[in-house]
Amino acid sequence: EESASTKKADPKASSVDIATIQMLAKAQRDNVETIFDRAVSMKPCNIGEQGTCCKICSQGPCRLPLPKKGIEGKDTRKGLCGATPETIAARNFARMVAAGAAAHSDHGRGVAEVFLTAARKGTHDYGIKDEQKLLEIAPDFEVPTTVIVDGPNGEKIEQMRDIYDIAEEVGVKALGQWGQQDGEIYNAKRAPKARYELWRKLDVVPRGIDREIVEIMHRTHMGVDQDYHNIVKQCTRAAIGDGWGGSMIATDLQDIMFGTPYPTQGEINLGVLKQDHVNIIVHGHEPLLSEMIVVASQLPDMVDYAKSKGAHGIVLAGMCCTANEILCRHGLPIAGNYLQQELAIVTGAVDAMVVDVQCIMENIANVADCYHTKIITTNPRAMIESGHTTHIEFDEHNALEDAKKIVKTAIDNFPNRHGEAMIPSAKEKMVVGFSYEAINYHLGGTFRGSYWPLNDNIINGRIRGIGGVVGCNNARSMHDSAHLTVVKELLKNDVIVLTTGCNAMACGKAGLLSPESAKVFCGPGLAEVCETVGIPPVLHMGSCVDNSRILMAATQVVKAGGLGKDISDLPAAGSAPEWMSEKAISIGHYFVVSGVYTVFGVGLPVTGAPRFQKHLFEELEGIYGGMWDMIVDPYEHAQAMIRHIDKKRAALGLDK
Ligand code: MSK
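(A) Quick look at the pairing of strand S19 (residues 597-600). Covered by surrounding structure in S19 are Tyr597 and Val599 together with Thr598 and Phe600, the residues of both alternating faces. Sheet topology places strand S18 (residues 572-576) next to S19; four bridges connect them, and they run parallel. Pairing of Ala576 across the sheet is with Phe600, part of S19. The sheet contact formed by S19 and strand S20 (residues 628-630) spans three bridges and is parallel. Looking at the pairing, Val599 lines up with Asp629 of S20.

In structure tokens:
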């Protein structure tokens, strides 16, 4: 197709990743336009960037940019209805929280529905893999795991209930969390006691997952909530309903059905594709389908079918968070993160890109038109309007058959490649799969005969603190660059890093997910801990919904003792250096109201409303112990996190 961009991105200025640079250069040689080129040609709207464009009714859009000279005296800016910049920016922010929480939670709802079908034995393709985890979470849903029965002599005996009966009851109660109208979501009580009590005191414990999202949409309708404090309070309910509700339920039920991740080895970057194999990329977020494609692609008759078409086998690789899901559970390779999706197709080696929901760029259909790749959409919620995509709808009752159909479509496309593909050689080895259960095993208890509790190492200062660094790539920011600068700066200062999403992939490509990287990148204390325990200094915890694992890891650290009574007492900070999706805003907000200082890079659409920004960046600390921040420079970004960690260490009386 003809390139529409008048300007071209400079590949070397677009990414720090060699495979990305090579493929962007190839795309330009092939006259294929990508997001990198459009980012050079198209500048963002200055007013939207500030958060002060209101388009919630047809009297606008009302645009309220900050005056060039700044605000002198009273801020008199108003929309037609009188809405202040604060109201406008808070409503826009709230709608991002609602969309982000909805995306995660709808994912979770889908998982809960399949879980319930599996518990009722309504499908042959899914079952209960991790019984232990089911038994651990059942009490959180007030589901008994044992039953009292009469013994042979009339005595009372406690015996285990049937595991599928427990699963069914958990499934029903979990699914009920979406439509619940009153009371509290179950998982709020998983937070440290002090946090749960604070939420109750502030009246922000979510009543039901959907209810809080819908209420944001109502409150932000024209002429409803016009107090940014009150709007933020509703953001809090919806965001807790995401992190501690929809996302956490998704993570838990996926673990039960597909297995809780434990450390495993994998490989990452476009170099995982193979010239002489059928290459299938699964891209998106939900593991329900990709788990079945894993099974289908390994079936002997599928491999034989691939050979009958001249291929030597099948490579199944992931992209974005689907990649994290199959990597952490099966060790299957990752082709790349968000900004590499078009470039994977540019290799000419991808026979099918199978997509479900979230973070799928519409332009992959245009790029695929230039090569032979088949784009297969699978979810009724997410289709692409293009004559060249194929829709094979995925139904959990027929999961394996659907997956086989998809794999067969990819194999049939192998002979259609346009000549020799160009696959970059770059790929890295990594160790992944650090669920909080795995972290607890490695750093929370005894391991290799030594006692290495995480808390002791934080108290004695070998580990200065914990950084949760997560989130997307953003075409307005050099690909992977801010991610790596922030993470390396934290490691150098003995801050252990927990990661998910596209940050995890950036770290993997740069070699930071290998245990050997500890001696290269870490300060002496953290290097010693990692080398002794045999873990990487950056712990890959999974996909976007698995940020709930970070909440649980923080809760475990509080419960282990010695570091205060609440998450807000911990020497810890959060970061999303290259965020772009609305989900990131929901994640950021649930971290903040869980007590975490959370820094975003790139920019936040709040700067045009100074009082609202002050509320998020300063006043929330007095309410929740955590607050937002936005620092674009990645070095300064990391330093701010370290300063916060040191402030918390001092408050705990450490380092005296
Ligand atoms: S995939 S939400 S770009 S992390 Fe979860 Fe990456 Fe952000 Fe999508």
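(B) How the structure looks around empty space enclosed by the protein. Enumeration over the complete set of coordinates arrives at two cavities of 30 Å³ or more. Considered as a void within the structure, the largest cavity measures approximately 100 Å³ in volume. Lining the largest cavity are Cys54, Ile56, Cys57, Gln59, Gly60, Cys62, Gly79, Leu80, Cys81, Arg91, Met222 and Gly223. Within the lining of the largest cavity, the residues separate by chemical class into seven nonpolar, four polar and one charged. Considering only enclosed or pocket space, the second largest cavity measures out at about 40 Å³ in volume. What lines the second largest cavity is simply Lys133, Arg190, Met248, Thr251, Asp252, Tyr436, Ser548, Arg549 and Met552. Where the lining of the second largest cavity is concerned, the elements lending two or more residues are helix H10 (228-258) and helix H23 (547-560). When the residues that make up the lining of the second largest cavity are grouped by side-chain class, the tally is three nonpolar, two polar and four charged. The two domains that each donate at least three residues to the lining of the second largest cavity are domain 1 (85-258) and domain 3 (428-651).

(C) Up close: the packing of helix H19 (residues 481-492) against helix H26 (residues 634-651). Relative to each other, H19 and H26 sit at 35°, their axes nearing to 8 Å. Once H19 is placed against H26, the crossing between them reads as right-handed. Facing H19, whose interface residues are Ala482, Thr485, Val486, Glu489 and Leu490, H26 presents Pro634, Tyr635, His637, Ala638, Gln639, Met641 and Ile642. Looking at the contact of H19 with H26 residue by residue, the classes come out as eight nonpolar, three polar and one charged.

(D) View of the packing of aromatic side chains. Taken as a whole and judged by the stated rule, the model has nine aromatic pairs. Taken together, a centroid distance of 5.6 Å and an interplanar angle of 75° make the contact between Trp199 and Trp244 edge-to-face. With Trp199 in helix H8 (residues 193-202) and Trp244 in helix H10, this residue pair connects regions lying 45 residues apart in the sequence. Accessibility expressed as a relative area gives 0% for Trp199, which makes it buried. Here Trp244 falls in the buried class, since its relative accessible area comes to 0%. One aromatic cluster in this structure is built from Phe93, Tyr228, Trp579, Phe600, Phe612 and Trp628. We note Lys121 situated over the ring of Tyr164; from NZ or CZ to the ring centre the distance is 4.6 Å.

(E) Seen up close, the pairing of strand S4 (residues 156-160). With five bridges connecting them, strand S3 (residues 146-150) and S4 associate as antiparallel partners. Within S4, the position partnered with Ile148 by the bridge is Glu158. What sits between the antiparallel neighbours S3 and S4 is a turn of five residues, in which Gly154 has the positive phi angle 80°.

(F) Spatial organisation of the pattern of salt bridges. Here the structure, examined in full by the defined rule, presents 40 salt bridges. Asp255 is the salt-bridge partner of Arg549, the closest N and O atoms lying 2.8 Å from each other. With a gap of 294 residues between them, Arg549 in helix H23 and Asp255 in helix H10 connect regions that are remote in the sequence. The two residues Arg549 and Asp255 agree in class, both being buried. Between Lys647 and Glu621 there is a salt bridge, and its shortest N-O distance comes to 2.9 Å. Of the two residues, Lys647 sits in helix H26 while Glu621 sits in helix H25 (residues 610-624), which places them 26 residues apart along the sequence. By relative accessible area, Lys647 is classed as partly exposed at 40%.

(G) The arrangement of H26 in detail. The terminal C-alpha atoms of H26, which comprises 18 residues, lie 26 Å apart, in line with the 26 Å expected from a rise of 1.5 Å per residue. Among all positions in H26, only Pro634, His637, Ala638, Gln639, Ala640, Met641, Ile642, His644, Ile645, Lys648 and Arg649 are buried. Measuring from the backbone nitrogen of Tyr635 back to the side-chain oxygen at the start of H26 gives 3.0 Å, which picks out Asp633 as the cap.

(H) Geometry of the domain arrangement of the chain. Each assigned domain of the chain is listed here: domain 1 (85-258), domain 2 (270-416) and domain 3 (428-651). One C-alpha centre belongs to domain 1, the other to domain 2, and the line joining them spans 31 Å. Counting residues at the interface gives 17 residues for domain 1 and 17 residues for domain 2. When the buried area of domain 1 at its contact with domain 2 is split by residue, Asp125, Tyr126 and Phe258 rank highest and sum to 39% of it. Joining domain 1 to domain 2, the criterion identifies two salt bridges. Here Arg381 ties to Asp106 by a salt bridge, and the two come within 2.8 Å at their closest N and O atoms. For the side of domain 1 that touches domain 2, the elements supplying multiple residues, two or more each, are helix H5 (85-119) and H10. At eight residues, the largest contribution of residues to the side of domain 1 that touches domain 2 is made by H5. When the residues that make up the side of domain 1 that touches domain 2 are grouped by side-chain class, the tally is six nonpolar, eight polar and three charged.

(I) Expanded view of the confidence of the model for the chain. Per-residue confidence for the chain gives a mean pLDDT of 94, with 98% of residues at or over 70. When the criterion is pLDDT under 50, residues 446-452 qualifies, and its contacts beyond four places in sequence or with other chains add up to 21 contacts.

(J) Focus on the sheet that holds S18. Taken in spatial order, the six strands line up as S17-S16-S15-S18-S19-S20 in an open sheet, and their pairing is parallel. If you trace the sheet from one side to the other, it starts and ends with strand S17 (538-540) and S20, each paired once. When strand polarity is set aside, the average angle formed by the axes of neighbouring strands in this sheet is 25°. Two elements, strand S15 (residues 465-469) and strand S16 (residues 495-499), share five bridges in a ladder whose sense is parallel.

(K) Representation of the nonpolar core. With 202 residues, the main nonpolar core has Tyr126, Val170, Leu253, Met353, Phe612 and Trp628 as its most contacted residues. Once residues within four sequence positions are removed from consideration, Val170 is found in contact with Phe115, Leu134, Ile137, Ala138, Phe141, Val143 and Leu253. One finds Cys54, Cys62, Ala83 and Ile88 within the second-largest nonpolar core, a separate group that totals five residues.

(L) How the structure looks around unusual backbone geometry. Along the chain, Gly60 connects to Pro61 via a cis peptide bond; the corresponding omega equals 0°. The residue Cys359 is not glycine, and still its phi comes out positive at about 70°. Relative to the helices and strands, Cys359 is located in the loop between strand S9 (352-355) and helix H15 (364-370). Positive phi outside glycine occurs at Asp480, with the angle close to 70°.

Rules used in this analysis
- Residues numbered from 1 in each chain as written.
- Predicted model: local features only at pLDDT ≥ 70, side-chain atom pairs only at ≥ 80, totals over all residues.
- Heavy atoms only, no water.
- Buried < 20%, exposed > 50% of the residue type's maximum accessible area, 1.4 Å probe, protein only.
- Helix = DSSP H or I, 4+ residues; strand = E, 2+ residues; numbered from the N terminus.
- Pairing = 2+ DSSP bridges.
- 1 Å grid on protein atoms, 1.4 Å probe; cavity = no way out; pocket = protein on both sides within 12 Å on 5 of 7 lines; lining within 4 Å.
- Points joined across faces, edges and corners; volume = space filled by probe spheres on them.
- Nonpolar A, V, L, I, M, F, W, Y, C, P; charged D, E, K, R; others polar.
- Domains from an automatic or database assignment.
- Axes fitted to C-alpha atoms, helices over the stretch in contact; angles between N-to-C directions.
- Left-handed = near helix turned anticlockwise from the far one by under 90°.
- Contact = heavy atoms within 4.5 Å.
- Phe/Tyr/Trp six-rings, centres within 6.5 Å; stacked < 30°, edge-to-face > 60°.
- Lys NZ or Arg CZ within 6 Å of the ring centre and 35° of its normal.
- Salt bridge = Lys/Arg side-chain N within 4 Å of Asp/Glu carboxyl O.
- Expected span 1.5 Å × (residues − 1).
- Polar contact = N/O pair within 3.5 Å; in protein donor to acceptor, adjacent residues only side chain to side chain.
- Buried area = accessible area lost by both parts, 1.4 Å probe.
- pLDDT = per-residue confidence, 0-100.
- Core = buried A, V, L, I, M, F, W, Y, C linked by side-chain atoms within 4.5 Å.

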